Amino acid sequence: MPLYTYENKHQDSHCTYCLGGFVVMQKLADPVFTHCTYCGCEIKKVITASHLKTKVTGSSNSTLSEKNITKNDFTQYRKVGKGQYEKTVGKGPDTIQADD
Ligand SMILES: [Zn+2]
């Protein structure tokens, strides 16, 4: 849903909500607000901020993905028990044991 930024039209009359403007998320079909919901003073739509949508292009820890680990010849293990590790990805031994 796009975000719309509204601004108080007359700076002399406002409430704390519309003072300095506010952002609402509306459907394209929703009517444009002309008055503040709270104080009823006139407001105007200033920008359509749909470009502010958060861009999700992948997880932030993608460098630790199994694909990357394989590519870099790393071996990843997960702990399966006390001192026991099972290989999840990579070229090393399938299981390793570590003394406590
Ligand atoms: Zn207001």
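See the structure printed just above.
Being a predicted model, the structure only gives us computed values, none of them experimental.

Rules used throughout
- Residues numbered from 1 in each chain as written.
- Predicted model: local features only at pLDDT ≥ 70, side-chain atom pairs only at ≥ 80, totals over all residues.
- Heavy atoms only, no water.
- Core = buried A, V, L, I, M, F, W, Y, C linked by side-chain atoms within 4.5 Å.
- Buried < 20%, exposed > 50% of the residue type's maximum accessible area, 1.4 Å probe, protein only.
- Helix = DSSP H or I, 4+ residues; strand = E, 2+ residues; numbered from the N terminus.
- Contact = heavy atoms within 4.5 Å.
- Donors = N, O, S within 2.8 Å, 3.2 Å for Na, K, Ca; no water.
- Tetrahedral: all angles 85-135°; square planar, octahedral: opposite > 155°, others 65-115°.
- Salt bridge = Lys/Arg side-chain N within 4 Å of Asp/Glu carboxyl O.
- Pairing = 2+ DSSP bridges.
- Axes fitted to C-alpha atoms, helices over the stretch in contact; angles between N-to-C directions.

Engineer: Mind laying out the nonpolar core, listing which residues take part and the relevant values?
Structural biologist: Membership of the largest hydrophobic core is limited to 9 residues, which are Tyr4, Tyr6, Cys15, Cys18, Phe22, Val24, Cys36, Cys41 and Ile43. Every element with two or more residues in this core is listed here: β1 (3-8) and β2 (22-25). Residues contacting cysteine 41, with those up to four places away along its chain left out, are Asn8, Ser13, His14, Cys18, Thr34, His35 and Cys36.

Engineer: Please set out the coordination of the zinc ion residue by residue, giving values where relevant.
Structural biologist: Around the zinc ion, the protein contributes the donor atoms Cys15 (SG), Cys18 (SG), Cys36 (SG) and Cys39 (SG), which lie 2.3 to 2.4 Å from the metal centre. Classification of the site at the zinc ion rests on its 4 donor atoms, whose angles at the metal span 105 to 114°, yielding the label tetrahedral.

Engineer: Give me the pattern of salt bridges: which residues, what numbers.
Structural biologist: Following the criterion strictly, the structure yields 4 salt bridges and no others. Between glutamate 42 and lysine 9 there is a salt bridge whose closest N-O contact spans 3.6 Å. Of this pair, glutamate 42 sits in the loop between β2 and β3 (43-48) while lysine 9 sits in the loop between β1 and β2, and the two are 33 residues apart along the sequence. Salt-bridge contacts for aspartate 94 lead to lysine 87; the nearest nitrogen and oxygen are separated by 3.2 Å. Accessibility expressed as a relative area gives 55% for aspartate 94, which makes it exposed.

Engineer: So what's going on with the sheet that holds strand β6 (residues 95-97)? Residues and values would help.
Structural biologist: An order of β4-β5-β6 is seen for the 3 strands of this open sheet, with the pairing classed as antiparallel. Two strands bound the open sheet, and with one partner strand each, they are β4 (76-81) and β6. In this sheet, adjacent strand axes meet at a mean angle of 35° when their direction is disregarded.

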